[in-house]
Amino acid sequence: MKISYHGHSVVQIQTNGINILIDPFITGNGLTDLKTEEIKVDVILLTHGHNDHVGDTVALAKRNHALVVANHELATYLSWQGVNTHGMHIGGACQFEFGKVKLTQAFHGSSYTTENNELIYCGMPAGILFMSEGKTIYHAGDTGLFSDMKLIGERHPIDVAFLPIGDNFTMGPEDAAYAAKLLQAKTVVPIHYNTFPPIQQDPYQFIDMLEDKNGKVLEPGEVLEL
């Protein structure tokens, strides 16, 4: 399994010949190394409905005939735009051919802003547990710190956890470091930082905060192989 980070909260997973993108915010993401016209994707997993996470989902899904997996409300909204979707909800899991997806709770907002400045309700935000090839990946989305992260880690031993550190809209570095302690993941990777002025952070300072010294900063395009 190959996992790569592409700026903001964009994570790519390559497993069993399938390309998976989590929260494909490409257009408008000044930190990404990806170009929408070059992306080949089979599955898109979404944590919630904010524009900087839904990103280029519709265009990518249509061009690649990709499946989009998201919470029920967001999946329904995207299906109305001609996208092939599979709706889920928090606590639910589904075994797909490409791997198992389970949604966890996450604490923040979730709405999509249209070009007409309308806010579309997109259901409950989520974190994503993805399991394939005997490995478990956790993408926390935009969450704040919550104590049940300990339960998530106990129930699903995590190989790699992607945790937001930007503060302002998500956990900051201190809370994310405590989250890492609760989750007990083998490797912790910071995300959701430095894309916009309010979320400027030093990811290496965050790595130094981790008690288990199990952090790794991934530069956009850098690959982690499991």
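Per-chain numbering applies: the sequence of each chain, read as written, is numbered from 1 onward. Reporting in this predicted model follows two pLDDT cut-offs: at least 70 for local features of residues, and 80 or more for side-chain atom pairs to be given and counted; totals over whole chains, interfaces and linings ignore these cut-offs and use all residues. Side-chain numbers here rest on the full set of heavy atoms in the structure, without hydrogens or water.

Visitor: Looking at this structure, how should I read the sheet that holds strand β8 (residues 99–105)?
Guide: Strand pairing within a sheet occurs via backbone hydrogen bonds; the two strands may be parallel or antiparallel. DSSP-based pairing: two strands are paired if at least 2 bridges between them are found. By definition, any uninterrupted DSSP run of H or I lasting at least four residues is a helix, any uninterrupted run of E lasting at least two residues is a strand, and each is numbered from the N terminus. Sheet architecture is open: six strands sit in the order β7-β8-β11-β12-β13-β14, paired in mixed fashion. Strands at the two margins of the open sheet, each flanked by one partner only, are β7 (93–96) and β14 (187–191). Each strand of the sheet is rotated relative to its neighbour by a mean of 15°, with strand direction disregarded. Across five bridges, the pairing between strand β11 (residues 126–132) and strand β12 (residues 135–139) is antiparallel. Interaxial angles span 0 to 180 degrees and are taken between N-to-C directions of axes, which are lines fitted to C-alpha atoms, for helices over the stretch in contact.

Visitor: Explain the pattern of salt bridges to me, please; I cannot follow it from the model alone.
Guide: Two side chains with opposite charge may pair up if their charged atoms get near one another. Think of a salt bridge as a Lys or Arg side-chain nitrogen and an Asp or Glu carboxyl oxygen that are within 4 Å of each other. The final tally for this structure, using the stated rule, is four salt bridges. Among the ionic pairs, E211 bridges to K181, the shortest N-O distance being 3.6 Å. Taken together, the residues E211 in the loop between α6 (203–209) and β15 (223–225) and K181 in helix α5 (residues 173–183) connect sequence positions 30 residues apart. Summary of the burial criterion: residues with accessible area below 20% of their type's maximum are buried, those above 50% are exposed, and those between are partly exposed, where the area comes from a 1.4 Å probe applied to protein chains only. Here K181 falls in the partly exposed class, since its relative accessible area comes to 39%. Put simply, K216 and E222 hold a salt bridge, and the shortest N to O gap is 3.7 Å. With a relative accessible area of 31%, K216 lands in the partly exposed category. Residue classification places E222 among the partly exposed residues on the basis of a relative accessible area of 28%.

Visitor: Honestly, helix α2 (residues 57–64) in this entry has me stumped. Any pointers?
Guide: Think of an α-helix as 3.6 residues a turn; residues three or four steps apart then line up on the same face. Within α2 the residues assigned to the buried category are T57, V58, L60, A61 and N64. Contact definition: two residues touch when any of their heavy atoms are within 4.5 Å. Here the buried face of α2 lies against β3 (18–22), β4 (43–45), α1 (51–54), β5 (67–71) and α3 (72–79). With its phi angle positive at about 55°, H65 sits one or two positions after the end of α2.

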